[in-house]
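Below are the chains, spelled out letter by letter.
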Amino acid sequence: MSNPKFPPGPKFLFPGSGLIKLLRDPISFLMKSVTKYGDLIHFKAGPRHVFFTNHPEQIKDILVTHQKNFIKGEALERTKQLLGEGLLTSEGELHLKQRRLIQPILHRQNIERYASIMVEYGVRIREAWRNASILDMSQEMARLTLLVVGKTLFNRDVDQEAKEVGEAMTTLVNAFRMMLLPISDLLEKLPLPGIHKALKARETLDKIIQKMIEERRKERHDSWDLLSLLLSAQENGEGMNDQQVRDEAMTLFLAGHETTANALTWTWYLLSQNPQAEAKLHQELKEVLGDRLPTYEDMEKLKYLYMVFSESMRLYPPAWAIGRRAIDECELGGYRVPRGSIVAMSPFVIHHSEKYYPDSWRFDPMRWTPEAQAQRPKFAYFPFGAGGRVCIGEHFAWMEEILLMATLAQKWKMRLAPGHPIGLQPGITLRPKYGMKMILEKR
Ligand code: HEM
């Protein structure tokens with residue numbers, strides 16, 4: 001029998017005050033609440049019941065075991081205004097059909113061929129860098145990953161569009177922060193200039209994507225990229241209209257570069273703060289690669305680099321929160337979850353749990369030896385989500401992180417610019433709030 005009461009959690013004096021706290025600093029709000037009330041908390045956001053779980057088994061229940069009872073829900077309705085109905089935002093039959101269609105293009109075997117493109121773009125950047133110059137690594141990594149996604153998935157060099165896309169992305173990421181909270185109905189009533197700016201940013205991105213699609217239609221060469229796949233699926237009568245082709249393309253264009261850019265940026269920062277780990281990584285690069293460029297086959301040999309990224313995505317998971325809505329009443333941790341409730345979880349919050357990661361703010365790649373990993377519950381770490389909606393680009397992301405970092409760190413290290421502040425900006429991804437000004441040092 002489930003407990004008829006709700007789990008403990010913050011109570012707000014007047015409706016909407018919880019919402020303000022959430023909007024202002026969602027990560028602190030959630031971390032403090034978990035410390036105070038435990039691993040399953042409940043609060044009201046407007047009229048909605050919200051359950052936040054920080055418990056590995058319950059995370060597994062929602063994302064995997066009982067995934068059929070949860071949808072992404074209406075928080076995504078407004079996201080759809082921006083992203084359209086692509087893989088990230090669609091539900092049910094449409095989602096399943098599109099996922100089956102797109103999966104092969106991002107499958108482990110298919111992405112092998114992207115390795116040389118990734119390395120090539122890494123080389124371009126590492127050769128353009130100048131010793132002792134100061135760069136915002138956040139922008140630099142966003143440009144690099146955008147170029148990679150443009151070339152691998154769209155077979156196009158998007159260097160010229162990179163600046164425009166970068167600005168539009170910043171606007172969108174900021175707007176998402178408000179839209180993904182479980183209170184979209186309330187938000188609609190607030191005068192938010194950010195929403196208007198976000199729609200404009202979408203228009204900009206739309207035009208860029210549309211142009212790519214039109215050009216590809218004219219060129220009509222069959223290649224292995226995403227755009228060719230989407231267009232031939234459309235021609236084979238698989239029921240995708242122009243809008244859907246564009247929405248899928250837009251989804252992968254955005255989801256495919258913003259997250260990896262953040263992972264790379266935070267990793268540069270962590271290495272700059274941890275010279276021992278940095279030296280160990282340099283040693284590995286020397287032993288495995290010497291002076292030659294990395295290849296796909298090298299990836300499994302770069303074991304320490306994998307551990308560095310695992311630890312970096314623990315401390316700064318690019319997708320910092322995941323939310324669902326319960327279709328039917330259900331049970332979570334012995335409590336009754338009313339139909340329509342929001343259930344949420346955060347890789348960031350659980351990745352900082354002292355229970356699973358003692359001294360949890362300390363960067364320590366050795367937490368990722370197979371023995372250390374075996375000591376922890378699997379769902380105490382889920383930077384890519386899990387279950388039927390697990391990140392479709394997970395292998396692509398790992399490959400990109402490993403190959404780009406190996407290529408760049410062979411020749412360069414970074415130092416944080418003196419006095420540069422570090423803060424978190426939890427939007428749709430976890431960006432560094434003040435960017436990441438770093439000084440380039442030739443190795
Ligand atoms: C470090 C990099 C990345 C991280 C941390 C990340 C994280 C995530 C997470 C947590 C989800 C699940 C969200 C949920 O359950 O609500 C997700 C979904 C998704 N990701 Fe990623 N991602 C990364 C890179 C990529 C890349 C490179 C691509 C494309 C090339 C991509 C495309 C997608 C798509 C399309 C979905 C939706 C899948 C679906 O619902 O079926 N991601 N990602």
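As the structure is a prediction and not an experimental result, all values here were calculated from the model.

**Quick look at the overall build of the protein chain**
Thought 1: Within the protein chain, the secondary structure is distributed over 18 helices and 12 strands.
Thought 2: A total of 443 residues make up the protein chain; the buried ones form 42% of that total.
Thought 3: In the protein chain, 76% of the contacts between residues at least 6 apart in sequence involve partners at least 24 apart.

**Considerations on helix H8 (residues 137-154)**
Thought 1: Across its 18 residues, H8 extends 24 Å between first and last C-alpha, which sits within 8% of the 26 Å expected from 1.5 Å per residue.
Thought 2: Within H8, 16 of the 18 residues are buried, which leaves the element mostly enclosed by the surrounding structure.
Thought 3: Asn155 sits one or two residues past H8 and shows a positive phi near 50 degrees.

**Side note on the packing of helix H14 (residues 275-289) against helix H15 (residues 303-315)**
What describes two packed helices is the angle between their axes and the distance between those same axes.
Thought 1: Two numbers describe how H14 lies on H15: the axes approach to 8 Å, and their chain directions differ by 145 degrees. In this structure, H14 crosses over H15, and the sense of that crossing is left-handed. Residues Ala277, Lys280, Leu281 and Glu284 of H14 touch H15, and the partners they reach there are Tyr304, Leu305 and Val308.
Thought 2: Partitioned by chemical class, the residues of the contact of H14 with H15 number five nonpolar, no polar and two charged.

**Structural notes on the site of the ligand**
Thought 1: Around the ligand there are 23 residues in total, and Gly256, Thr259, Gly385, Cys391 and Gly393 lie nearest to it.
Thought 2: Top element by residues in the shell around the ligand is helix H13 (residues 242-273). It accounts for seven residues.

**Considering the nonpolar core**
Thought 1: With 107 residues, the main nonpolar core has Met118, Leu305, Val343 and Ile402 as its most contacted residues.
Thought 2: Examining the composition of this core, we find that 13 residues originate from one element, H13, more than from any other.
Thought 3: Excluding anything up to four places from it in sequence, Val343 contacts Phe51, Thr53, Ile62, Phe70, Arg324, Ala326, Leu332 and Val337.

Rules behind the numbers
- Residues numbered from 1 in each chain as written.
- Predicted model: local features only at pLDDT ≥ 70, side-chain atom pairs only at ≥ 80, totals over all residues.
- Helix = DSSP H or I, 4+ residues; strand = E, 2+ residues; numbered from the N terminus.
- Buried ≥ 20, exposed ≤ 12 C-beta atoms within 10 Å, placed from the backbone.
- Contact = placed C-beta atoms within 7 Å.
- Expected span 1.5 Å × (residues − 1).
- Axes fitted to C-alpha atoms, helices over the stretch in contact; angles between N-to-C directions.
- Left-handed = near helix turned anticlockwise from the far one by under 90°.
- Nonpolar A, V, L, I, M, F, W, Y, C, P; charged D, E, K, R; others polar.
- Near = placed C-beta within 6 Å.
- Core = buried A, V, L, I, M, F, W, Y, C linked by C-beta atoms within 7 Å.

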